[in-house]
Amino acid sequence: MADPRNAASSARLLVSVAALATTLGGSLALAICAPQPVEALGVDTPLLAPLPTLEPVSGQPEPIEVPARRPNPIAVTRSSR
Amino acid sequence: MLSVEFKTMGCQARAFLDATGARAQAALAELPAWFAVRAGILSRFDPDSALSKLNACGMADSVDDVLWEAIDVALRAAASTNGLVTPTILPALEAAGYDRSFDALDRDQAASLPPERAVPSWQAVEREEATRSVRLPPGLKLDLGGTAKGSCADAAVLHLAPFGPALVDLGGDIALSRSSRGPWPIAVEDTRAAQGVLELVLLCEGGIATSGRDFRRWRRSGRDQHHVIDPATGAPSRTDVWTATVIAPSALAAEIASKRLLLEGRSQGLAWIEGKPELAALVVTEAGIVLGSSRFRQFAWKEVA
């Protein structure tokens, strides 16, 4: 079985990370389709959130400021460990 | 920024709270105990947990809120994925060799593997709301691990919400709420290289989770095993997806979608993601190829020229 950890880096197909940059009022902003806030998922118990309804986000994406310099990650997503 | 780090539910947890003051500090300090209560109820490794007692007896009455809700979440996940992400895989997972906590697991087991067969349907789990009763048919046991982690991460963010924006990272399943400081920068780990980062994403709220067969691996009867069971075969998944990361409206939704993507494979899984406007995904295939869904680029940080 091939192990991706051993795959040559040259074989990697880089994912396009072209941001959806839009000039808004002279400032550069990134339009991000923000996920629904957890508060809007109909959660009515502080114990365990119910399975959210996966509906499209309504309304216009809210522009947010894009850090000009690469920010340090505050967390890392990975398979559970 | 306040933070706390602890171990719970078999993984490393961290939480950040963008707040100041004694009440916020106290709320964050309560989090390890808050999780410990849930871990104590939902653990499949602790024979005294409510889940283990249910699995051992096949029945329970007057089930407490935490277990009842966790079973409900897991069964709703199964229903929403046509049984693909189901809690009924536990006997198959144990037969594959994952029958104790991963830290205590023999990573090279000589025992034989059982013949492949489909796991029991999630619909075989009987529940009675009025008496909070659960009945499991013979041979059916529940593993609530993945969905419990995702929903607990979401619930922990809600728990902290009165004090400020929060991020809760439960071993890689991450829930977060909106911060006035801007989006939370989160790295997607690249397991093909030591300490590698595949992408850096900026998230305002919701959740992100990764499912993969890069970790929690062992060998049994000379064959590689991992913890993501395909319910159709009762054996570890053998699709072309090595890891799948999903951005979603909640950590729970991200956890379910990432596992679904892993189980369906890149073609079918990414096609499903494309049809869900609220989801974005990044996949590493078994061959080491990295693929992103069309909406993933909206979240990826890029240096401005």
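S.K.: Is there a simple way to think about the overall build of chain B in this case?
M.R.: A count of helical and extended segments in chain B gives eight helices and 18 strands. For 305 residues, the compact-globule estimate of 2.2 N^0.38 gives 19 Å, and chain B sits close to it at 19 Å. Here the C-alpha coordinates of chain B stretch approximately 60 × 45 × 35 Å along the principal axes. Counting only residues that meet the buried cut, chain B has 54% of its 305 residues in that class. If you take every contact in chain B between residues at least 6 apart in sequence, the share linking residues at least 24 apart comes to 63%.

S.K.: Looking at this structure, I do not really get the packing of helix α2 (residues 31–42) of chain B against helix α6 (residues 145–160) of chain B. What am I missing?
M.R.: All names here are of chain B. Running from amino to carboxyl end, α2 crosses α6 at an angle of 150°, the nearest separation of the two axes being 11 Å. By the criterion of interaxial angle, the relationship of α2 to α6 is roughly antiparallel. Considering only the axes of α2 and α6, their crossing is right-handed. Across from L31, W34, F35, R38 and L42 in α2, the residues of α6 making contact are A148, C152, A156 and H159.

S.K.: When you look at the sheet that holds strand β2 (residues 11–17) of chain B in this model, what are you seeing that I'm missing?
M.R.: Sheet strands pair via backbone hydrogen bonds, and the direction of the pair is either parallel or antiparallel. All names here are of chain B. If you trace the eight strands from one edge of the open sheet to the other, you get β1-β2-β7-β8-β11-β16-β17-β18, paired in antiparallel fashion. Because the sheet does not close on itself, it has two edges, and the strands there are β1 (2–8) and β18 (290–292). Taking the axes of each pair of neighbouring strands and ignoring which way they run, one obtains an average angle of 10° across the sheet. Across three bridges, strand β17 (residues 280–285) lies against β18 in antiparallel orientation. Residue pairing in the sheet places V284 in a bridge with V290 of β18. α2 rests against β1 and β2 of the sheet, and its axis sits at about 25° to β1.

S.K.: What is the right way to look at unusual backbone geometry in this model?
M.R.: Trans is the prevailing form of peptide bonds, just as negative phi is the prevailing case for residues other than glycine. Residues and elements named next belong to chain B. Even without glycine at this site, R132 takes up a positive phi of about 50°. Take R132: it is sitting in the loop between β5 (126–128) and β6 (133–135). Taking the number of C-beta atoms within 10 Å as the measure of exposure, R132 has 15 and is therefore partly exposed. Residue S221 is not a glycine yet carries a positive backbone phi of 50°. Examined against the element boundaries, S221 turns out to sit in the loop between β12 (217–220) and β13 (223–226).

S.K.: Where do I start with the environment of B:A254 in this structure?
M.R.: All names here are of chain B. Mapped onto the secondary structure, A254 falls in helix α7 (residues 251–264). A sequence separation of 79 residues divides A254 from A175, and the C-alpha atoms of the two residues are 9.3 Å apart. When sequence neighbours within four positions are dropped, the list of residues in contact with A254 reads G150, G207, I208, A209, V246, I247 and A248.

S.K.: When you look at the nonpolar core in this model, what are you seeing that I'm missing?
M.R.: A general tendency of soluble globular proteins is for nonpolar side chains to be buried together. All names here are of chain B. In this structure, A156, V246 and A281 are the most contacted members of the largest nonpolar core, which totals 97 residues. The dominant element in this core, judged by the number of residues it contributes, is helix α4 (residues 65–80), at 10 residues. Beyond its immediate stretch of four places on either side in the chain, A281 contacts A244, T245, V246, L261, L270, I273, S293 and F296.

S.K.: For this particular structure, what's the right way to read the pairing of strand β16 (residues 241–248) of chain B?
M.R.: Residue and element names in this part refer to chain B. A large share of β16 lies buried, amounting to eight of its eight residues. Two elements, strand β11 (residues 206–212) and β16, share six bridges in a ladder whose sense is antiparallel. Along β16, the bridge assignment pairs S211 with A244. Here six bridges tie β16 to β17, and the two strands are oriented antiparallel to one another. The partner of T243 across the bridge, within β17, is V284.

S.K.: Just to check I follow, could you spell out the sheet that holds β13(B) for this structure?
M.R.: Across the sheet, three strands lie side by side as β4-β12-β13 (chain B); this open sheet has mixed pairing. Looking at which strands have only one partner, the edges of the open sheet turn out to be β4 (108–109) and β13 of chain B.

S.K.: Which parts of the structure should I look at to understand α7(B)?
M.R.: Since one α-helical turn is 3.6 residues long, residues separated by three or four positions face the same way. All names here are of chain B. Here α7 spans 20 Å end to end across 14 residues, near enough to the 20 Å set by a 1.5 Å rise per residue. Across the 14 residues of α7, 14 count as buried, placing the element largely inside the fold. Downstream of α7 by a residue or two, G265 has a phi angle that is positive, lying close to 90°.

Conventions used here
Residues numbered from 1 in each chain as written. Chains lettered and ligands numbered in written order. Predicted model: local features only at pLDDT ≥ 70, side-chain atom pairs only at ≥ 80, totals over all residues. Helix = DSSP H or I, 4+ residues; strand = E, 2+ residues; numbered from the N terminus. Rg over C-alpha atoms; globule rule 2.2 N^0.38 Å. Buried ≥ 20, exposed ≤ 12 C-beta atoms within 10 Å, placed from the backbone. Contact = placed C-beta atoms within 7 Å. Axes fitted to C-alpha atoms, helices over the stretch in contact; angles between N-to-C directions. Parallel < 35°, antiparallel > 145°, perpendicular 65-115°, else oblique. Left-handed = near helix turned anticlockwise from the far one by under 90°. Pairing = 2+ DSSP bridges. Core = buried A, V, L, I, M, F, W, Y, C linked by C-beta atoms within 7 Å. Expected span 1.5 Å × (residues − 1).

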